[in-house]
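Residue-level listing of the chains:
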Amino acid sequence: MPKPADPAQTSRLSYEDNERVRRICIRVANHSRGGQDRNIRNRIFDITGTLLRECHLHARPLDLDAMERASIEQVLSDLSLLRKNLSIGTGYFPPTIRLRFQQHNQEAA
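### Regarding the packing of helix 2 (residues 15-31) against helix 5 (residues 72-85)
Part 1 of the argument: As a packed pair, helix 2 and helix 5 sit with axes 11 Å apart at the nearest point and diverge in direction by 100 degrees. In terms of orientation, helix 2 lies roughly perpendicular with respect to helix 5. Of helix 5, the residues touching helix 2 (which contributes Ile-24, Arg-27, Val-28 and His-31) are Ile-72, Val-75, Leu-76 and Leu-79.

Structure, rendered in structure tokens:
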């Protein structure tokens, strides 16, 4: 009899969403002040990807398509909120904080 799937392994982004996250990460890393330093860009890329995946899978689903097309300032605004408030590992994000790109958010900008 097969074992049930481990829930931690079943939470994965689709190929399309993973590509959107990758493209968002590239935009954010290229926009950074440390743009000339490859190590800084790589770190920003990694942190951005972790924040987006953790939020999208465990806290609040994001409209990654809209995020990919939005201005970099809007993307950075949500990433700043995630960096300050998202608990990596537990996926906890305070319910009182609204993200611009969270799905099904009529009050979003």
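On we go.
### Some remarks on the packing of helix 3 (residues 38-59) against helix 5
Part 1 of the argument: At a minimum axis separation of 10 Å, helix 3 and helix 5 run at an interaxial angle of 80 degrees. Compared by their axis directions, helix 3 and helix 5 come out roughly perpendicular. Across the interface between the two elements, Ile-47, Thr-48, Leu-51, Leu-52 and Cys-55 from helix 3 touch Leu-79, Leu-82 and Arg-83 from helix 5.
Part 2 of the argument: When its residues are assigned to classes, the contact of helix 3 with helix 5 shows six nonpolar, one polar and one charged.

### A closer look at helix 3
Side chains of residues three or four places apart in an α-helix project in the same direction, reflecting 3.6 residues per turn.
Part 1 of the argument: In a regular helix each residue adds 1.5 Å, so 22 residues correspond to 32 Å; helix 3 covers 30 Å between its end C-alpha atoms and thus fits that length.
Part 2 of the argument: By the burial criterion, the buried members of helix 3 are Ile-47, Thr-48, Gly-49, Leu-51, Leu-52, Glu-54, Cys-55 and His-56.
Part 3 of the argument: Elements in contact with the buried residues of helix 3: helix 2, helix 4 (64-69) and helix 5.
Part 4 of the argument: Of the residues flanking the start of helix 3, the one acting as N-cap is Asp-37, its side-chain oxygen 2.8 Å from the backbone nitrogen of Asn-39.

### Here's the deal with the pattern of salt bridges
Part 1 of the argument: Throughout the structure, instances matching the rule amount to five salt bridges.
Part 2 of the argument: The residue Arg-20 makes a salt bridge to Asp-17 at a minimum N-O spacing of 3.0 Å. Of this pair, Arg-20 and Asp-17 both sit in helix 2, three residues apart, roughly one helical turn.
Part 3 of the argument: Taking the shortest distance from any N to any O, the salt bridge between Asp-65 and Arg-69 comes out at 3.1 Å. Placement of the pair is Asp-65 and Arg-69 together in helix 4, with a separation of four residues, close to one helical turn.
Part 4 of the argument: Note on Asp-65: relative accessible area 33%, which makes it partly exposed.
Part 5 of the argument: Salt bridges sharing partners connect three or more residues here, namely Asp-17, Arg-20, Asp-65 and Arg-69.

### Structural notes on the nonpolar core
Part 1 of the argument: Core analysis: the largest hydrophobic core is formed by 22 residues, its most contacted members being Ile-24, Leu-52, Met-67, Val-75, Leu-79 and Leu-82.
Part 2 of the argument: Excluding residues within four positions of it along the chain, Leu-79 makes contact with Val-28, Thr-48, Leu-51 and Leu-52.

### Focus on the side chain of Thr-48
Part 1 of the argument: Position of Thr-48 relative to the elements: it lies in helix 3.
Part 2 of the argument: Of note is the side chain of Thr-48, whose polar atom sits 2.8 Å from the backbone oxygen of Ile-44.
Part 3 of the argument: With residues up to four places along the chain from it excluded, the contact list for Thr-48 reads Cys-25, Val-28 and Leu-79.

What counts, and where the lines are drawn
Residue positions are given per chain, counted from 1 along the sequence in the order it is written. Totals for whole chains, interfaces and linings use every residue, but because this is a predicted model, local features are given only for residues with pLDDT of at least 70 and side-chain atom pairs only at 80 or more, for both listing and counting. Only hydrogens and water are set aside; all other atoms, that is, all heavy atoms of the structure, feed into the side-chain values. Only the contacting stretch of a helix is used when fitting its axis, a line to C-alpha atoms as for every element, and angles between N-to-C directions run 0 to 180 degrees. Here a helix means four or more residues in a row that DSSP labels H or I, a strand means two or more in a row labelled E, and each is numbered from the N terminus. Note that the term roughly parallel is reserved for angles under 35 degrees, roughly antiparallel for angles over 145, roughly perpendicular for angles of 65 to 115, and oblique for everything else. In what follows, a contact means two residues having at least one pair of non-hydrogen atoms within 4.5 Å. Classes in brief: Ala, Val, Leu, Ile, Met, Phe, Trp, Tyr, Cys and Pro nonpolar; Asp, Glu, Lys and Arg charged; the others, Gly included, polar. A helix is expected to reach a length of 1.5 Å times the quantity of its residues less one. Burial classes: relative accessible area under 20% of the type maximum marks a residue as buried, over 50% as exposed, and values in between as partly exposed (1.4 Å probe, protein chains only). Counted as a polar contact is a pair of N or O atoms within 3.5 Å, where, for protein atoms, one must be capable of donating a hydrogen and the other of accepting one, and residues adjacent in sequence contribute only when both atoms are in side chains. Counted as salt bridges are all cases of a side-chain nitrogen of Lys or Arg within 4 Å of a carboxyl oxygen of Asp or Glu. Residues belong to a common nonpolar core when they are buried Ala, Val, Leu, Ile, Met, Phe, Trp, Tyr or Cys residues joined through side-chain atoms within 4.5 Å.

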